[in-house]
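# Architecture at a glance
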Amino acid sequence: MSADELADAREVCDARINLSMATSYQTENGDITKVNSVERAAYAFIPQTPIRSTDAHLEEFSEAMRTVAKTLRQVVEGKAAAQAEAAEWKRKYELEVASKEQKHHNVIKGCSNYGKDKLEELASQMALETASIDQTSCCGNHGICSHQILQDECPGPNRIADEKIVGRKAPFRLLWGCDGDKNDQHRRDFVSFEKGDIKTAERSNKQILLKWESPPQTVLLVTKPNSNSVLALCAEMVRWLKEHNNMNVIVEPRVSKELLTEDSYFNFIQTWNNGQEVKALHTKVDLIVTLGGDGTVLWAGSLFKGPVPPVVAFSLGSLGFMTPFPSEQYRECLANVLKRPFSITLRSRLQCHVVRNAAKNEVEIEEPILVLNEVTIDRGLSSYLTYLECYCDGSFVTCVQGDGLIISTTSGSTAYSLAAGGSMVHPQVPGILFTPICPHSLSFRPLILPEYVTLRVQVPCNSRGQAWASFDGKGRIQLGPGDALICSISPWPVPTACLVDSTTDFLRSIHEGLHWNLRKSQSFDGPPA
Ligand SMILES: NC(=O)c1ccc[n+]([C@@H]2O[C@H](COP(=O)([O-])OP(=O)(O)OC[C@H]3O[C@@H](n4cnc5c(N)ncnc54)[C@H](O)[C@@H]3O)[C@@H](O)[C@H]2O)c1
Ligand SMILES: Nc1ncnc2c1ncn2[C@@H]1O[C@H](COP(=O)(O)OP(=O)(O)OP(=O)(O)O)[C@@H](O)[C@H]1O
């Protein structure tokens, strides 16, 4: 070895000694700065020494092996602990099952020895005890309590201990939003949660039938104007109702005049002279008969701001989506409706309020406007985009920028909303349709919201223009910046008589009225599938 080689070897040794000292220093004191300066010196030397590189790899390898060994040891120890714990839980569970069986046996034995009086006494004690056990839990006062059912165990001396076992599931109750406490029985029809298992009511046939308890006596006839054929049929029907059924007939003032001009025979018909009498109509009318198209049904509904008597709609229009009865067979149809039970569709209506300057909370209290089809908020004659802010129960829904918005009932889903791209919805489905008109957006799909929400459509204060609200295509009202329209489902539906039943009539209307999904069938002699 030359003198130079010897000097190099010494430097290597010195550096290795420094490094190991520095490492132990780090372990003992954790002084990172010092270690780093030593490491820097060491690593500066490493490229020059193949010995250092091999040592470092060996150190890393042994460290890795130590880590693997440690992990394996932990796994083995953990598995053993888990097995021991599982065995302990199994033992406890078996003990509990055995003890429960024994107690249950005792209770049944106890029960069979009790007389009826004793059982009643125990049951009432049980109710008292339960009330005192948990004063905060609900027992039907605010909703349906699941633990009302959990308490249905056979009473006996071990009742409280039993309850602990029977009531393993935490009792809970379902509460019903803002309506609070009323009408639990009605709600049980929709959802039950016996023993804490939430279950919806069985889907039986929910077709509603109307059965007269005493014969109907008064008919209101509503007819499409400006039609001689309708007036002729009206006159014929009035005669038949009077002569064959001895019924009182009420018609609109316009129709009364027309009939009396034709023949003084119609002196017996009744009509009204003012709005007060219209308001009282629902107290006198047993049945409404309409002669016309869908517009006449809408018109008849609009005469009733509260309850609506059942409507029998004869078809004398072109589409007749809501007019299932054929006018040529009016005698048979009316005879059936007057004497036998018949199916009805409860068509929900929207009640709409216009609120002026809603931003300042200046609420204008007026009678709501009721619509059977829809309320439309559009740009009217304005050439600007309508800009509308929409809220659902106080939550922001969206801003409409386009020609407008349709808020529709499910009955109205086949009218304007359908033309604007909304879904067709069976009229008995409880919902409100939210359908934009020509939105200037690629992603504005129509929505269907639950029937219990309240919608608020507001023209923002900084809107460039006005908007217009119209109700079943009529009665336009201007909405200025800051004004709002508020709508929700009215408690007063329009009950319409069905020719067959709600579903059959609906499907017949979309097939025959709208030619829904009409397509020539593919011939069978094409290429194999
Ligand atoms: N682009 C459109 O489709 C459009 C535009 C404006 C109004 N309308 C609808 O017209 C209704 C007013 O009806 P009208 O007879 O007084 O006016 P109308 O005489 O202009 O008739 C409108 C058409 O809509 C049909 N229609 C009405 N209600 C329907 C329903 N629930 N289901 C299926 N079709 C229905 C009618 O049979 C008629 O063919 C409004 O409530 C609105 O829904 C539709
Ligand atoms: N009793 C009424 N008084 C005033 N207007 C009515 C009355 N009945 C219907 N109308 C109006 O007359 C218009 C036409 O009525 P309707 O839709 O019933 O007939 P139609 O247009 O011939 O039928 P279809 O719409 O099926 O073609 C509607 O705008 C409706 O509002």
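Reading the values: the criteria
Residues numbered from 1 in each chain as written. Chains lettered and ligands numbered in written order. Predicted model: local features only at pLDDT ≥ 70, side-chain atom pairs only at ≥ 80, totals over all residues. Heavy atoms only, no water. Salt bridge = Lys/Arg side-chain N within 4 Å of Asp/Glu carboxyl O. Helix = DSSP H or I, 4+ residues; strand = E, 2+ residues; numbered from the N terminus. Buried < 20%, exposed > 50% of the residue type's maximum accessible area, 1.4 Å probe, protein only. Near = heavy atom within 4 Å. Polar contact = N/O pair within 3.5 Å; in protein donor to acceptor, adjacent residues only side chain to side chain. Areas by Shrake-Rupley, 256 points an atom, 1.4 Å probe, with all protein chains shown as cover. Nonpolar A, V, L, I, M, F, W, Y, C, P; charged D, E, K, R; others polar. Pairing = 2+ DSSP bridges. Right-handed = clockwise from strand over helix to strand, strands pointing away. Axes fitted to C-alpha atoms, helices over the stretch in contact; angles between N-to-C directions. Parallel < 35°, antiparallel > 145°, perpendicular 65-115°, else oblique. Contact = heavy atoms within 4.5 Å. pLDDT = per-residue confidence, 0-100. Core = buried A, V, L, I, M, F, W, Y, C linked by side-chain atoms within 4.5 Å. Arc of directions from axis to C-beta.

### As for the pattern of salt bridges
On inspection of all chains with the given rule, the structure shows 10 salt bridges. For Arg331, the salt bridge identified is with Glu236, shortest N-O distance 3.2 Å. One end of the pair, Arg331, is in helix H13 (residues 330–339); the other, Glu236, is in helix H8 (residues 228–245), and 95 residues separate them in sequence. Using a relative accessible area of 37% as the deciding quantity, one classes Glu236 as partly exposed. A salt bridge links Glu512 to Arg508; the shortest N-O distance between them is 3.0 Å. You can see Glu512 and its partner Arg508 sitting in helix H15 (residues 502–513), 4 residues apart, about one turn around the helix. For Glu512, a relative accessible area of 53% translates into the label exposed. Among the charged side chains, a salt-bridge network with shared partners connects Glu252, Arg254 and Glu258.

### Considerations on the site of ligand 1
If you check the shell around ligand 1, you find 16 residues, and the closest are Asp294, Asn373, Glu374, Thr414 and Ala415. Within the backbone of Tyr416, a nitrogen or oxygen atom sits 3.1 Å from an oxygen atom of ligand 1. Protein burial of ligand 1: of its 770 Å² of free accessible surface, 64% is covered by the chains. Sort the elements by how many residues they give to the shell around ligand 1 and helix H12 (residues 294–302) lands first, with 3 residues. Looking at the shell around ligand 1 residue by residue, the class counts come to 7 nonpolar, 5 polar and 4 charged.

### Description of the site of ligand 2
Surrounding ligand 2, one finds 17 residues, the nearest of these being Lys224, Glu252, Gly293, Thr296 and Ser318. Measuring from a nitrogen atom of ligand 2, one finds a side-chain N or O atom of Glu252 at 2.8 Å. In this structure, Gly295 approaches ligand 2 through a main-chain N or O atom, which is 3.1 Å from an oxygen atom. When ligand 2 is considered free in solution it has 610 Å² of accessible area, and contact with the protein chains removes 70% of it. Those elements giving two or more residues to the shell around ligand 2 turn out to be strand S6 (218–223) and H12. Ranked by residue count, the leading element in the shell around ligand 2 is H12, at 4 residues.

### Topic: the pairing of strand S7 (residues 248–251)
Relative to S7, S6 is paired through 4 bridges, and the arrangement is parallel. Bridging across to S7, Leu220 finds its partner in Ile250. Handedness of the crossover is the feature at issue here: the chain leaves S6, passes through H8, returns alongside S7, and the resulting connection is right-handed.

### Some remarks on the packing of H8 against helix H9 (residues 253–262)
One way to put it is that H8 packs onto H9 with a least axis distance of 11 Å and a crossing angle of 80 degrees. One element, H8, and the other, H9, form an angle in the roughly perpendicular class. Of H9, the residues touching H8 (which contributes Leu231, Cys234, Ala235 and Val238) are Val255, Glu258, Leu259 and Glu262. The residue makeup of the contact of H8 with H9, split by class, is 6 nonpolar, no polar and 2 charged.

### A look at the confidence of the model for the chain
On average, residues of the chain score 79 in pLDDT, and 71% of them are at 70 or above. pLDDT under 50 marks residues 107–167. Its contacts with residues more than four places away, or in other chains, come to 75 contacts.

### With respect to the nonpolar core
Within soluble globular proteins, side chains that are nonpolar tend to cluster in buried spots. Membership of the largest hydrophobic core comes to 34 residues, with the highest contact counts inside it found for Val289, Leu291 and Phe314. Elements that contribute at least two residues to this core include exactly S6, H8, S7, H9, strand S8 (287–292), strand S9 (311–315), H13 and strand S11 (342–347). In terms of residues, this core owes the most to one element, H8, which gives 9 residues. Val400, Leu449, Ala467 and Leu485 belong to the second largest nonpolar core, which has 27 residues in total.

### Quick look at H9
Of all the residues in H9, the buried ones are Val255, Ser256 and Leu259. Burial along H9 is one-sided: seen end-on, the buried residues are contained in an arc of 105 degrees. Structural note: H9 exposes Lys257 and Thr261 on the side pointing more than 90 degrees away from its buried face.

### With respect to the environment of Lys224
In this structure, Lys224 sits in the loop between S6 and H8. Residue classification places Lys224 among the partly exposed positions, given a relative accessible area of 29%. Measuring from C-alpha to C-alpha, the distance between Lys224 and Gly317 comes to 8.9 Å, with 93 residues separating the pair along the chain. Setting aside its immediate chain neighbours within four residues, Lys224 contacts Val230, Arg254, Leu291, Gly292, Thr296, Leu316 and Gly317. A distance of 3.1 Å separates a polar atom in the side chain of Lys224 from the backbone oxygen of Leu316.

### What about H13?
Three or more residues of H13 are buried, namely Tyr330, Cys333, Leu334, Val337 and Leu338. In a view along the axis of H13, the buried residues occupy a sector of 125 degrees, so they form one face of it. Where the residues of H13 are buried, they touch H8, S8, S9, strand S10 (325–326) and S11.

### Some remarks on the side chain of Thr414
Locating Thr414 in the fold gives a position in the loop between strand S16 (395–408) and helix H14 (416–419). The buried category is assigned to Thr414, whose relative accessible area is 10%. Discounting chain neighbours no more than four positions away, the residues touching Thr414 are Phe321, Met424, Phe506, Ile510 and Leu514.

### Remarks on the side chain of Ser413
Along the chain, the position of Ser413 falls in the loop between S16 and H14. Residue Ser413 is classed as buried on the basis of its relative accessible area, which comes to 0%.

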